[in-house]
Amino acid sequence: MAGLLLTHNLMSFIFAPIFVAWTLSWIVIRKNWRALGNLFFSLVLAVCLAAFFLIPAVWEKEYVHLETLLGGYFDYRQHFVSLSQLLSNYFGYGSSVFGLGDEVSLSVGVIQAALALAAVLLALLTFKKHKEISAMLVILAAVSISMLFLTHQRSTPVWENFSLLRWFQFPWRFLAADVFLLPIIGAGG
């Protein structure tokens, strides 16, 4: 978490729900409540390790023109991902533009999505036999679907009601979580 805070603040906010879901799930499934103390200590340690960057970034933000990060090209409403883009085989390196003409690949990968879906179905079918792994796969799939939803235009009410989200600028940034989660889910099956 300290590495994410130092390299890309927004990615630490994207991966925090994954981290929380993963650790809390294991704590609840294994009934290891003492691990909460270790978890809290590790988060405090991560923030302390990144404090030399975080403290000035928070306290000196009025000296930076942050409003330029939210308008024009950086307005989140211009960069939602369509379902066809999420499941396409297109691979390109370029920029994100308004509409479907993006030059950058915004796909999560058809094979990764299919394997993750198969793993979740298998987890649901074998839930009684493999409760721990099945529960983890279902929880991670729920987090993954939530992240995918935030990339689609139908999530606009969520973006409008949670002003923190507009700082992400590009809804497709949430694809980073799915690129991480889908192979884990697929391998878990």
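Above: the structure in question.
Residues numbered from 1 in each chain as written. Predicted model: local features only at pLDDT ≥ 70, side-chain atom pairs only at ≥ 80, totals over all residues. Heavy atoms only, no water.

K.L.:
Would you take a moment to explain the pattern of salt bridges for this structure?
P.N.:
Any two side chains of opposite charge can pair, so long as their charged atoms come close to each other. In the structure shown here, the tally under the stated rule is two salt bridges. For the salt bridge of Glu132 with Arg30, the shortest nitrogen-to-oxygen distance reads 3.2 Å. You can see Glu132 sitting in helix H7 (residues 131-151) and its partner Arg30 sitting in helix H2 (residues 9-30), a full 102 residues away along the chain. In this structure Glu132 comes out as partly exposed when scored by relative accessible area, which is 34%. Of the charged contacts, one joins Arg77 and Asp75 as a salt bridge, the two residues approaching to 3.1 Å between their closest N and O atoms. Since its relative accessible area comes to 46%, Arg77 is described here as partly exposed. (Salt bridge = Lys/Arg side-chain N within 4 Å of Asp/Glu carboxyl O. Helix = DSSP H or I, 4+ residues; strand = E, 2+ residues; numbered from the N terminus. Buried < 20%, exposed > 50% of the residue type's maximum accessible area, 1.4 Å probe, protein only.)

K.L.:
Which parts of the structure should I look at to understand the environment of Leu45?
P.N.:
Topologically, Leu45 is positioned in helix H3 (residues 35-49). Through-space distance from the C-alpha of Leu45 to that of His8 is 18 Å; in sequence the pair is 37 residues apart.

K.L.:
What's the story with the side chain of Asp75 in this structure? I'm lost.
P.N.:
Mapped onto the secondary structure, Asp75 falls in the loop between helix H4 (51-59) and helix H5 (83-86). You can call Asp75 buried: its relative accessible area is 14%. Beyond its immediate chain neighbours, meaning those up to four positions away, Asp75 contacts Leu70 and Gln169. (Contact = heavy atoms within 4.5 Å.)

K.L.:
Which parts of the structure should I look at to understand the packing of aromatic side chains?
P.N.:
Aromatic ring pairs are described here by two measures, namely the spacing of the ring centres and the angle between the planes. For the coordinates displayed, the defined rule picks out nine aromatic pairs. Measuring from centroid to centroid gives 5.6 Å for Phe15 and Phe180, while their planes differ by 75°, and the two rings are edge-to-face. Separated by 165 residues along the polypeptide, Phe15 in helix H2 and Phe180 in helix H9 (residues 175-188) bring together distant segments of the chain. A residue is classified by how much of its surface remains accessible, and Phe15, at 18% relative accessible area, is buried. By relative accessible area, Phe180 is classed as partly exposed at 41%. Centre to centre, the rings of Phe74 and Phe170 are 6.1 Å apart; their planes meet at 65°, and the pair counts as edge-to-face. Here Phe74 is found in the loop between H4 and H5, whereas its partner Phe170 is found in the loop between helix H8 (156-161) and H9, with 96 residues between them in sequence. Given a relative accessible area of 30%, Phe74 falls into the partly exposed group. (Phe/Tyr/Trp six-rings, centres within 6.5 Å; stacked < 30°, edge-to-face > 60°.)

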